[in-house]
Amino acid sequence: MIDTHRHRGLRQQLVNELKSKGIKNELILSAFMDIPRHYFLEKTFADWAYKDVAFPIDADQTISQPYTVAMQTTLLDIKKGDKVLEIGTGSGFQACVLSHMGAKVYTIERQKKLFDKTEKFLHDIGFGNIRTLYGDGYEGAPRFAPFDKILITAGASEIPVKLIEQLKPGGIMVIPLGQGDLQKMLKITKNEDGSLKKENFGNYRFVPFLKGVN
Ligand code: SAH
């Protein structure tokens, strides 16, 4: 894995593009500036890493579009030291963005092959402090709960009850919710009395949030 001056230039262009699309949070922009996103794609496709598009990775999964990562991260309102649970490790890129911003990250993947590959990869690129878990995200990570923030990076057809339980009062969950092809991006805030405030941030397209492991 080599990170060159040219890659850095491409990252700067991507950061400019994200800014022009409304991403303002400096912590997010500097994560995109610093993390070599081309490491997360197969070598032959390295040049796709800095275009604002989703891209296929192993096991029929995708690395989310940069704008989608930036948008979900914006909605989470990450503070340094936040304990964050991510569902859907995939390539590990989103987890690295959260970790770079100073969050303590736990991430769950249900596909064993992808889990093994990404776990090793995260160590290799210096993000070994991200806690990777193999399992069904619908169950969450009760051993490490409660969390300040929970991020779901696959399209869910329902709000997972166990994940709401594992959210701290005052905590935020970001979840793409919907049946079928399109999901609406919901920001769910758990009020101190346990009730939920839901806000809709528009339509997105994700791979499905599936039950069980593989
Ligand atoms: N956050 C990822 C995007 C991955 S795409 C990235 O930055 O690259 C969504 C991922 O969610 C896929 O890897 C898929 O296997 C995983 N997934 C789907 N259902 C899941 C479940 N129930 N538990 C854990 N992971 C799940």
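Everything below is about the structure shown above.
Criteria and cut-off values
- Residues numbered from 1 in each chain as written.
- Predicted model: local features only at pLDDT ≥ 70, side-chain atom pairs only at ≥ 80, totals over all residues.
- Heavy atoms only, no water.
- Pairing = 2+ DSSP bridges.
- Helix = DSSP H or I, 4+ residues; strand = E, 2+ residues; numbered from the N terminus.
- Axes fitted to C-alpha atoms, helices over the stretch in contact; angles between N-to-C directions.
- Contact = heavy atoms within 4.5 Å.
- Buried < 20%, exposed > 50% of the residue type's maximum accessible area, 1.4 Å probe, protein only.
- Polar contact = N/O pair within 3.5 Å; in protein donor to acceptor, adjacent residues only side chain to side chain.
- Near = heavy atom within 4 Å.
- Areas by Shrake-Rupley, 256 points an atom, 1.4 Å probe, with all protein chains shown as cover.
- Nonpolar A, V, L, I, M, F, W, Y, C, P; charged D, E, K, R; others polar.
- Phe/Tyr/Trp six-rings, centres within 6.5 Å; stacked < 30°, edge-to-face > 60°.

Peer 1: Would you take a moment to explain the pairing of strand β9 (residues 196-204) for this structure?
Peer 2: Remark: a regular strand shows side chains that alternate across the two faces of the sheet. Note: strand β8 (residues 183-190) against β9, seven bridges, orientation antiparallel. Note on β9: the bridge partner recorded for Lys190 is Leu196. As consecutive antiparallel partners, β8 and β9 are separated by five residues, and within that stretch Gly194 has a phi angle of approximately 90°, a positive value.

Peer 1: Honestly, the sheet that holds strand β6 (residues 147-152) in this entry has me stumped. Any pointers?
Peer 2: To summarise the sheet geometry, strands pair through backbone hydrogen bonds and adopt either a parallel or an antiparallel arrangement. What the seven strands build is an open sheet, ordered β5-β4-β3-β6-β7-β8-β9; its pairing is mixed. Two strands close off the open sheet at either side, each with one partner strand: β5 (131-134) and β9. Strand-to-strand, the axes of this sheet are offset by a mean angle of 15°, without reference to chain direction. Pairing of strand β7 (residues 167-177) with β8, which is carried by six bridges, proceeds in the antiparallel orientation. Within β8, the position partnered with Pro176 by the bridge is Met185. In this fold helix α3 (residues 66-76) packs onto β6, β7, β8 and β9, with an angle of close to 155° to the strand it touches most, β7.

Peer 1: Explanation requested: the environment of Asp52 in the structure shown.
Peer 2: Tracing the backbone shows Asp52 in the loop between α2 (26-34) and β1 (55-56). For Asp52, a relative accessible area of 9% gives the class buried. Distance in space between the C-alpha atoms of Asp52 and Val15 is 9.8 Å, their sequence separation being 37 residues. The residues touching Asp52, leaving out its near neighbours within four places in the chain, are Leu14, Glu17, Leu18, Lys21, Gln65, Pro66 and Tyr67. A distance of 2.6 Å separates a polar atom in the side chain of Asp52 from a polar atom in the side chain of Lys21. Side-chain polar atoms of Asp52 contact the backbone nitrogen of Tyr67, separated by 2.9 Å.

Peer 1: Is there a simple way to explain the site of the ligand in this structure?
Peer 2: As a structural note, the neighbourhood of the ligand is formed by 27 residues, with Glu86, Ser91, Glu109, Gly137 and Leu210 the closest of them. Note that a nitrogen atom of the ligand is positioned 2.8 Å from one of the side-chain N or O atoms of Glu86. Separating a nitrogen atom of the ligand from a backbone N or O atom of Gly137 is a distance of 2.7 Å. For the ligand, whose accessible area on its own is 580 Å², the fraction buried by protein is 99%. Contributing elements (two or more residues each) for the shell around the ligand: β2 (62-63), β3 (83-87), α4 (93-100) and β4 (104-109). A class-by-class count of the residues in the shell around the ligand yields eleven nonpolar, twelve polar and four charged.

Peer 1: Just checking my understanding: could you explain the packing of aromatic side chains for this structure?
Peer 2: Any pair of aromatic rings gets described here by the distance separating the centres and the angle formed by the planes. What the rule picks out here adds up to nine aromatic pairs. The interplanar angle of 70° and the centroid separation of 5.7 Å between the aromatic rings of Tyr106 and Phe147 together place this pair among those described as edge-to-face. You can see Tyr106 sitting in strand β4 and its partner Phe147 sitting in strand β6, a full 41 residues away along the chain. A single burial state applies to Tyr106 and to Phe147, both of which are buried. Here the aromatic cluster, defined as three or more aromatic residues joined through ring pairs, consists of Phe32, Phe40, Phe93 and Phe121.

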